[in-house]
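A look at the structure
Listed below are the residues making up each chain.
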Amino acid sequence: MSQTAPQRHPAVLAGFVLILTLVLGAAAYGLNAVTNPSTSTAKDTVCTNAPTGHPKVNPVRTYATAPALTLDPTKSYRVVMCTTRGTIVINMRSDSAPLTAGNFIFLANAGFYDGLTFHRVCPNAADTTCGGATFGIDQGGDPLGTGTGGPGYSLGDEGPKGPYGVGTVAMARSSTVSGSQFFINTTDNTSVLAPQPSVFNIFGDITSGLDVAQKLQKGDKMYWLAVQVATVTSPNPSASPAASPAASPQASPAASPSAAAPSPSPS
């Protein structure tokens, strides 16, 4: 006598299909995470201890005038910068560039830089403003992200106060923009920038994270900046020995055509 197979209940079949769908979905998500890692990793795991209130939501990015100088000569200042690639620590030259260092600290505390990108990174063969493979900078701080924006005011010249050595940080400028855009020298750019007729104020030196700065790519973000203050018993050195071993005659690097960019043709 022949027997027929028992009928499967529709609910059982639906449950089987649902489980199979979930398993396949989880496998696809895992594969995507491996082949397309999230760029938020640096923010979530590399950079820790974000300052209270940062990243700032909707920070003010336009000011009528430059901030008043408020740096205490008995204090030392450094800025911790959380980027897509990791953390960079910059000692401020508050003694030799108090105007520019104070301005940078003011904007960092205000959250001006939170979420902005490095809109220009050299060397970059695709970027004709980089002027050759030996010119190395990371430039950021433009609220427009185009190289033409600023905070609504311009800073005066304080002079570079030393060579544009590896790890030095300077304020970018053009004929119309200076105040928020800055650049990190990832190579020694003294021979390129020093002969120029304008001045890019050097206001800081990287003391940790130079390798991070040298890995930055165009479009990478600054998630937040934290200002740290300490009491000192003697005047702050103008620069770290590694970044600026000796002072050199003041230079006036030219402005770049695209605005607020250090030159030769780079900008």
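As the structure is a prediction and not an experimental result, all values here were calculated from the model.

1. A word on the nonpolar core
In terms of nonpolar packing, the biggest core is built from 33 residues, with Met81, Ile88, Met92, Phe104, Tyr113, Phe182 and Phe203 touching the most fellow members. Core analysis: the second largest hydrophobic core is formed by twelve residues, Phe135, Val192, Leu193 and Phe200 among them.

2. Topic: the sheet that holds strand β1 (residues 75–83)
Hydrogen bonds between backbone groups are what pair the strands of a sheet, and the pairing can be parallel or antiparallel. Read across the sheet, eight strands follow the order β3-β4-β6-β5-β7-β2-β1-β8 without closing on themselves; strand pairing throughout is antiparallel. Every other strand in the sheet has two partners, leaving β3 (118–122) and β8 (222–231) as the edge strands with one partner each. In this sheet, adjacent strand axes meet at a mean angle of 30° when their direction is disregarded.

3. Focus: the state of the cysteines
The tally for this structure, following the rule as stated, stands at two disulfides. A sulfur-sulfur separation of 2.0 Å characterises the disulfide bridge that pairs Cys122 with Cys130. Handedness of the Cys122-Cys130 disulfide follows from its S-S torsion of about -80°: it is left-handed. Residue classification places Cys130 among the buried residues on the basis of a relative accessible area of 1%. For the protein, the bonded cysteines pair up as 1-2, 3-4 when numbered in the order they occur along the sequence.

Reading the values: rules and limits
Residues numbered from 1 in each chain as written. Predicted model: local features only at pLDDT ≥ 70, side-chain atom pairs only at ≥ 80, totals over all residues. Heavy atoms only, no water. Core = buried A, V, L, I, M, F, W, Y, C linked by side-chain atoms within 4.5 Å. Buried < 20%, exposed > 50% of the residue type's maximum accessible area, 1.4 Å probe, protein only. Pairing = 2+ DSSP bridges. Helix = DSSP H or I, 4+ residues; strand = E, 2+ residues; numbered from the N terminus. Axes fitted to C-alpha atoms, helices over the stretch in contact; angles between N-to-C directions. Disulfide = S-S within 2.5 Å.

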